[in-house]
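Architecture at a glance
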Amino acid sequence: MSRPRLSPRTACEAPRWSAPRLRRRGLRNYQEAVRLFCAYLINPAYQWSTECEQRFGTHPIQVVHDWNTAEHIDEAESDAGKRAFTRKELIALFDHADEQVVRIRAAGRKGWVPAFRDAALMKTAYAFGLRRNEIRMLDTADFGRNPDGPEFGEYGVTYVRYGKAKKGSTPKRRSVLAIWDWSAEVLAEWIEEYRPMFPTAGSPACWPSERGPRIGLSSINTRLAAYRDELGLDPALDFHSLRRSHITHQVEDGFDARFVQEQAGHEHSSTTSIYTCVSSDYRTRTLRRVLDTTVAAALKKTGRTR
């Protein structure tokens, strides 16, 4: 079919194309793609510059520089609306995920095993505070014993091999300790009983897909978003909110700040503080504890009692 021609009047009234509104992180990703492409073109090893000089009388140059691109200035560039799950929301999410497994299995449909996988994956991401790609890239060999926590068995430590990398560096490794007893039960049940049901279970991946050796990032996002919307939860809650919740709930439970920072894999404590979204109840308890300590010290100093 031939393309319809526009009259001068129609052409003037036709809407202009506009660039999509990008987040700063997405903009930097596009910039990096252009920069790498230009670097490829001007690399002497490929002789593109020589070929272009001969054919067109000019040559390609690098167009992406520090002075004309967006810089990574802040530690956290996420939307202000992003937050952690409250404990009530988290329980509702996990209960709903478990209910879907029961519902699908009772209906005689084969999708209950992937639903079980996704429920276990969400719980594990929260239990160890993992990012999407960190949990996606886990293998079954990436778990081990913690000598100081024998109650967790073979799942006392998670060895993260694909942590968030700094610019120009390889993925950052870290070890995350199990802190909640139920996490070992979830992993043991998934890896030892249900994971072998996948046709791709021969892969070393902890979370295989139905058709490939490893689940995709889009699948991880889609399942959580679907459950969130079915429950009518805040649309700002996403998969990364599980990591925010892990950090927040550790702080609320009284874990040492340095320990929380090491668990999260943050180089600076200021980054951990950005992720911390403590509840008003926690802040009230903290204030009450500080006030009680201060008052008790003052009364002791004056020799008075309440």
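Located above this text is the structure these notes cover.
Below, the structure is looked at part by part. (Residues numbered from 1 in each chain as written. Predicted model: local features only at pLDDT ≥ 70, side-chain atom pairs only at ≥ 80, totals over all residues. Heavy atoms only, no water.)

Considering the overall build of the protein
- When helices and strands are tallied, the protein shows 12 helices and 3 strands.
- For the protein, the residues scored as buried account for 37% of the 306 residues in total.
- Intrachain contacts of the protein at a sequence separation of at least 6 include 62% that bridge at least 24 residues.
- In the form shown here, the protein has an accessible surface area of approximately 19,600 Å², with 54% of it arising from carbon and sulfur atoms. (Helix = DSSP H or I, 4+ residues; strand = E, 2+ residues; numbered from the N terminus. Buried < 20%, exposed > 50% of the residue type's maximum accessible area, 1.4 Å probe, protein only. Contact = heavy atoms within 4.5 Å. Areas by Shrake-Rupley, 256 points an atom, 1.4 Å probe, with all protein chains shown as cover.)

Notes on the pairing of strand β2 (residues 157-163)
- Inspection of the sheet shows strand β1 (residues 143-144) paired to β2 by 2 bridges, in the antiparallel sense. Among the inter-strand pairings, Phe-143 is bridged to a residue of β2, identified as Thr-158. (Pairing = 2+ DSSP bridges.)

Here we look at the side chain of His-96
- Along the chain, the position of His-96 falls in helix α4 (residues 87-106).
- Taking relative accessible area as the criterion, His-96 reaches 11% and is therefore assigned buried.
- With residues up to four places along the chain from it excluded, the contact list for His-96 reads Tyr-227, Glu-230 and Leu-231.

Here's the deal with the sheet that holds strand β3 (residues 172-177)
- Within the open sheet, the 3 strands sit side by side as β1-β2-β3. Their pairing is antiparallel. Taken across any chain shown, the strands that pair with only one partner, and hence form the sheet edges, are β1 and β3.

Thoughts on the nonpolar core
- One finds Leu-93, Ile-135, Trp-190, Trp-207, Phe-239 and Leu-242 to be the most contacted residues of the largest nonpolar core, which totals 49 residues.
- Listed by contribution, the elements that provide at least two residues to this core are α4, α5 (112-128), α7 (181-194) and α8 (217-231).
- Leave out the neighbours within four places in its chain, and Trp-207 touches Arg-117, Ala-120, Leu-121, Thr-124, Ile-135, Arg-136, Leu-138, Leu-187, Trp-190, Arg-214 and Ile-215. (Core = buried A, V, L, I, M, F, W, Y, C linked by side-chain atoms within 4.5 Å.)

Looking at helix α10 (residues 257-264)
- Buried within α10 we find Val-260, Gln-261, Gln-263 and Ala-264. Projected down its long axis, α10 carries its buried residues within an arc of 160°, all on one side.
- Near the N-terminus of α10, the side chain that reaches the backbone nitrogen of Arg-258, with its oxygen 3.0 Å away, is that of Asp-256. (Arc of directions from axis to C-beta. Polar contact = N/O pair within 3.5 Å; in protein donor to acceptor, adjacent residues only side chain to side chain.)

What about the pattern of salt bridges?
- Applying the stated criterion across every chain, the model contains 20 salt bridges.
- Between Glu-51 and Arg-55 there is a salt bridge; the shortest N-O distance is 2.5 Å. One end of the pair is Glu-51 and the other is Arg-55, both in helix α3 (residues 48-56) and 4 residues apart, which spans about a single turn.
- Between Glu-134 and Arg-131 there is a salt bridge, and its shortest N-O distance comes to 2.5 Å. (Salt bridge = Lys/Arg side-chain N within 4 Å of Asp/Glu carboxyl O.)

A short note on the packing of aromatic side chains
- The full count for this structure, using the stated rule, is 12 aromatic pairs.
- Residues Tyr-126 and Trp-182 carry aromatic rings whose centres are separated by 6.1 Å and whose planes lie at 5° to one another, so their mutual orientation is stacked. In this pair, Tyr-126 is assigned in helix α5 and Trp-182 in helix α7, connecting sequence segments 56 residues apart.
- The exposure class of Tyr-126 is buried, given its relative accessible area of 6%.
- When the ring of Phe-255 is compared with that of Phe-259, the centres are 5.7 Å apart and the planes differ by 20°; the resulting orientation is stacked.
- The partly exposed category is assigned to Phe-255, whose relative accessible area is 29%. (Phe/Tyr/Trp six-rings, centres within 6.5 Å; stacked < 30°, edge-to-face > 60°.)

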